[in-house]
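Structural description and commentary
Each chain, letter by letter, is given below.
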Amino acid sequence: MGRLDGKVVLISGVARSQGRSHALRFAEEGADVIGFDVLDEIKGSASGPATQADMDETVRQVEALDRRIIATKADVRDWAGVKAAVDDGVAQLGRLDVVLGNAGVFTAPSLAEDMEDDIFMDTLNINVAGVWRTAKAAIPHLKNNANGGSIIMTSSVAGLSGIANFAHYVASKHALVGLMRTLALELAPSQIRVNTVHPGTVNTVMVMNDVLARVFRPDLENPTADDVIAVAQQMNPMGADMLEPYDISNAMVFLASDEARYITGVTLPVDAGSMVQ
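Procedures and definitions
Residues numbered from 1 in each chain as written. Predicted model: local features only at pLDDT ≥ 70, side-chain atom pairs only at ≥ 80, totals over all residues. Heavy atoms only, no water. Helix = DSSP H or I, 4+ residues; strand = E, 2+ residues; numbered from the N terminus. Expected span 1.5 Å × (residues − 1). Buried < 20%, exposed > 50% of the residue type's maximum accessible area, 1.4 Å probe, protein only. Arc of directions from axis to C-beta. Contact = heavy atoms within 4.5 Å. Phe/Tyr/Trp six-rings, centres within 6.5 Å; stacked < 30°, edge-to-face > 60°.

What follows covers helix H3 (residues 79-93). For an α-helix the count is 3.6 residues per turn, leaving residues at separations of three or four pointing the same way. In this model, H3 (15 residues) spans 21 Å end to end at C-alpha, consistent with the 21 Å of a helix rising 1.5 Å per residue. Taken together, the buried positions of H3 are Gly 81, Val 82, Ala 85, Val 86, Gly 89, Val 90 and Leu 93. Projected onto a plane normal to the axis of H3, the buried residues spread over an arc of 160° and lie on a single side. The outward face of H3, more than 90 degrees from its buried face, is lined by the exposed residues Ala 80 and Ala 91. Those residues of H3 that are buried are in contact with strand S1 (8-12), strand S2 (32-37), strand S3 (69-73) and helix H4 (117-142). Just downstream of H3, Gly 94 is the residue with a positive phi angle, here 95°.

What follows is the structure, given as structure tokens:
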């Protein structure tokens, strides 16, 4: 018996990294999956785009766990595309119980005064408005459930503190907390819980790339993954090399499960203690 048997989870940004990990972890607990991803280049993205091959691999791994998955190409900046992906997935799988607003972008650093306007605004459009669109498309389906549901938004430790040279990312992740708290109030009468998870440094392509390596180690001309890990170890009291995607997925499963049935409006760091330094 899984903790989420008979449930259906919606995941934005499902093709790789944390999105794929969430899909697999929820499938392990008995849930079927509706997922979508942009599968296209995003200006300024440090990690490059997810591909159809990435999406196909997520589908393969979920189906290997004997769960169903409806995975489509959609962009969180496009309301019509998001709504169509959600509505079609629900039509095929019959219901929706959990929403993971996971899709996000991490673009190259810059002083706020030097940042390009379109880079700043596109970051907010993806990281904040994209989560809002995902929730907006899902809420009518969640309200069809007698026992409500759960919306979990992926923020960041950057949603709880400032980081120089990342005004666009920090602003977007802070804004998710305000969106979460508002939706938690609006949806409480329908027994729909809304929370944010705040990962620290996670071993995904969003962090482990050449652009971010130079941010972590500006003193080196060609920093390696080991150089990045050495800095990550210094960022948290527990001395973890780096969090793994499943560490975040486990928190998502808990917040989505009946074990958290009265937890709403919470900002949950999963950061090996970095926020208490």
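We are not done yet, so read on.
Inspection of every chain in the model, using the stated rule, returns 2 aromatic pairs. When the ring of Phe 106 is compared with that of Phe 166, the centres are 5.0 Å apart and the planes differ by 20°; the resulting orientation is stacked. Here the residue Phe 106 occupies a position in the loop between strand S4 (98-101) and H4, and Phe 166 occupies one in the loop between strand S5 (149-154) and helix H5 (167-187), the gap between them amounting to 60 residues. On the basis of relative accessibility, which here comes to 5%, the residue Phe 166 falls in the buried class.

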